[in-house]
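Spelled out, the chains give:
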Amino acid sequence: YDVDSVVDMLSEYDIVSFDIFDTLIFRPFSEPSDLFYHIGEKLEYMDFKRIRMEAEYKKRKKMYRMNGHYEVGLEDIWNILSEETGIDKNVGMELEIELEKKFCYANPFMKEVYKALLTRNKRIVIISDMYLSEQVLSEILKLNGYTEMEKIYVSCEYGENKASGRLFERVKENL
């Protein structure tokens, strides 16, 4: 596919939705969790990547027991991390967000598709299963040239995800 053929296919629709990571935005890592290695390095905390992953896993299990879903936010994760490591929650969260912004970069192909859809006056929404807030994701997108979208739907803010189909249902109801 080239940009024009993708834009032509998507132009059939009034509203186009995009995922963020690995679609509009890339990270220079083999695995998204590789970012946690860099956080640990900055915090001078040994084995931080493993500890961060375990904290997220624990919080997701706890969230499922409490609310029947696995969706968690960054603050939820850092509440556990702070307890277990003694790292100040706010310092850790700010560093994680700072490094996400630093490492994320636009997918050049999809950026061209996005721009072309805007010139065709298409409504664009973003839907993501993620622990980062809508505000943080909006900042990452804007830093990378994705400045116009109708709304960002993030699983952690709705307690619903794409895999279950419920986040998509929420988007359809809203639109």
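As shown above, the structure is provided for reference.
Residues numbered from 1 in each chain as written. Predicted model: local features only at pLDDT ≥ 70, side-chain atom pairs only at ≥ 80, totals over all residues. Heavy atoms only, no water.

Q: Lay out the pairing of strand β5 (residues 151-154) with the relevant residues and their values.
A: Where strand β4 (residues 123-128) lies against β5, 4 bridges are found, and the strand directions are parallel. Within the sheet, the bridge partner assigned to Val125 lies in β5 and is Lys151. Viewed along the sheet, the connection from β4 through helix α7 (residues 134-143) into β5 turns out right-handed. (Pairing = 2+ DSSP bridges. Helix = DSSP H or I, 4+ residues; strand = E, 2+ residues; numbered from the N terminus. Right-handed = clockwise from strand over helix to strand, strands pointing away.)

Q: How would you summarise unusual backbone geometry if you had to cite specific residues and measurements?
A: Its identity is not glycine, yet Asp22 carries a phi of approximately 70°, on the positive side. As for its placement among the helices and strands, Asp22 is situated in the loop between β1 (15-18) and β2 (25-26). In this structure, Glu44 takes a positive phi of about 55° despite not being glycine. Given the relative accessible area of 73%, Glu44 is considered exposed. (Buried < 20%, exposed > 50% of the residue type's maximum accessible area, 1.4 Å probe, protein only.)

Q: Provide a residue-level description of the nonpolar core, including the pertinent values.
A: In summary, soluble globular proteins display a tendency toward joint burial of nonpolar side chains. Core analysis: the biggest nonpolar cluster contains 47 residues, and Phe18, Ile25 and Leu132 have the highest contact counts within it. Apart from residues lying up to four places away in sequence, Leu132 is in contact with Phe21, Leu74, Ile97, Glu100, Leu137, Ile140, Val154 and Cys156. Val125, Ile127, Tyr153 and Leu167 belong to the second largest nonpolar core, which has 6 residues in total. (Core = buried A, V, L, I, M, F, W, Y, C linked by side-chain atoms within 4.5 Å. Contact = heavy atoms within 4.5 Å.)

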